[in-house]
Amino acid sequence: MKIVAITACAGGIAHTYMAAEAVKKAARLAGDEIKIEIQGAMGVENQLSQNDIEEAELIIFAVNIGVRDLDRFESKNPIVIDPGEFVGNAQKALEKAKKLAASQK
Amino acid sequence: MKGRDLQRHLLTGVSYFIPFVVAGGILIALGFLFGGIYVFNDSNLAAQIFWIGKDAFGVMVGVLSAYIAFSIADRPAIAVGFIGGMVANRIGAGFIGGLLSGFLAGYVVLYLKKINLPAAIRSLMPVLFIPVIGTLIVGLATFYLIGPPATWLNTTFANMLNNMSVSGTVIISLILGAMMAFDMGGPVNKAAYAFALAASQNNNWVPMAAVMVGGMVPPLAIAFAMLAAKNKFTEDEQGGLTGCFIGAACFITEFAIPYAAADPLRVIPSIMVGSAVGALVSYMAGVSLMAPHGGLFIFALANKPLMWIVSIIIGAIAGAVMLLVLKPVLKADQQKKKSESKVGLDL
């Protein structure tokens, strides 16, 4: 499955990066293709292209703050999950995101 | 409007607000450090540093308000929220006033955005109507409606903290410390931090010293426990030893998360006790710290630097001892086991 994710947290220095690492690992374990944009205290890193977003089958916002440039996702249905859930148990959180996405279709 | 959304807007505001508090707090403290306690009467370099810090503090309530509003209604809400926050600041409604003006500005602008104007004048919405009408509504409401109760809350809160009995002080410091450790950088931790920030708005920096101790203790307690008994941690966990020391020194409580995730029922109570003890020692010793972030690197800005470090170490020892008592010795094969939750510790 093609997945794109955005991670962000209030401090922008710890959870943001730990969640990104966790999402990446969980997606690889599940055999998914993953691209992650990090919106941390240093600004946006590894920005997703509009193409990445259009092609994605699943969009995950691992955030507990607002996402920057939200208008890129207008036609999409992102799944919002607290970054803490990914840091705690990334595989479980990824499963949850997939289930939520399936139930919305 | 769900509670979760409100929390997200608040945290967005806080995330933009923190650098202002850090810059302001540390520059003011440096001004005092170099220029003495009457630095504001001078016009030397130390005084300039002090006043730059003061300028940062002057806009920070505005910034908090602006970015709460931004999180709710995007770009057009920034100006309205910012000005509302500056009104709150001017009338002494402080942090609480700015928080409320930010939410108000966000929802007012969100509502204004929905009004359908004729196509000919639609472009006037973001450049004229929202800034003028939005600011007028939010400014007046902040002055007349939000201001009085928020100012009252602010002064009551300050008086309560300044005139607290010994038992009250013990309870508040224990709670603040335990909250800092409870979710290691999550909303409960941020709530305790916000409490200390609110107190600092009234020039009381004792809670700030205590919460920073509370935030630094968890990774340090785990590091101490690992040094004392390697056989109670997996090899993966031991690999994070340096990370724990760095996390503690930088006031990044999150470094404790992988350990807590792997063994929550033993780790979380232990670090909560450690942080509570550390915060208590700092609070009772009357340590005040005029810097809202920075960890070990800003120890010289505390009024009692040595006592502050001692309270961190006492807290960490308390947490480590409890953790060692609770944690069983691992068998050789258990120690090799990869913990699934290990993330982000590769430095």
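Since the model is a prediction, treat every value here as computed from it, not as a measurement.

Asks: Summarise the overall build of chain B; cite the residues concerned and give the values.
Replies: When helices and strands are counted, chain B shows 14 helices and zero strands. In terms of overall size, chain B behaves like a compact globule, its C-alpha atoms giving a radius of gyration of 23 Å where 347 residues would be expected to give roughly 20 Å. Based on the C-alpha atoms only, the size of chain B along its principal axes is roughly 75 × 50 × 40 Å. Out of the 347 residues in chain B, the part that is buried amounts to 53%. Of the contacts formed within chain B by residues at least 6 apart in sequence, a portion of 75% connects residues at least 24 apart.

Asks: Please give an account of the packing of helix α8 (residues 206-228) of chain B against helix α10 (residues 241-249) of chain B that cites residues and values.
Replies: When two helices pack together, their arrangement is given by the angle between the helix axes and by the axis-to-axis distance. Residues and elements named next belong to chain B. At a minimum axis distance of 7 Å, the contact between α8 and α10 shows a crossing angle of 150°. Classed by the angle they form, the pair α8 and α10 counts as roughly antiparallel. Pair α8 / α10 crosses with left-handed handedness. Within the contact between the two elements, α8 uses M216, P219, L220, I222, A223 and M226 and α10 uses L241, C244, F245, G247 and A248. Of the residues assigned to the contact of α8 with α10, the class counts are ten nonpolar, one polar and no charged.

Asks: Give a detailed account of the environment of B:V325, specifying residues and quantitative values.
Replies: Within the secondary structure layout, B:V325 lies in helix α13 (residues 305-326). Residues B:V325 and B:A209, 116 residues apart in the sequence, show an inter-C-alpha distance of 28 Å.

Thresholds, definitions, all that
- Residues numbered from 1 in each chain as written.
- Chains lettered and ligands numbered in written order.
- Predicted model: local features only at pLDDT ≥ 70, side-chain atom pairs only at ≥ 80, totals over all residues.
- Helix = DSSP H or I, 4+ residues; strand = E, 2+ residues; numbered from the N terminus.
- Rg over C-alpha atoms; globule rule 2.2 N^0.38 Å.
- Buried ≥ 20, exposed ≤ 12 C-beta atoms within 10 Å, placed from the backbone.
- Contact = placed C-beta atoms within 7 Å.
- Axes fitted to C-alpha atoms, helices over the stretch in contact; angles between N-to-C directions.
- Parallel < 35°, antiparallel > 145°, perpendicular 65-115°, else oblique.
- Left-handed = near helix turned anticlockwise from the far one by under 90°.
- Nonpolar A, V, L, I, M, F, W, Y, C, P; charged D, E, K, R; others polar.

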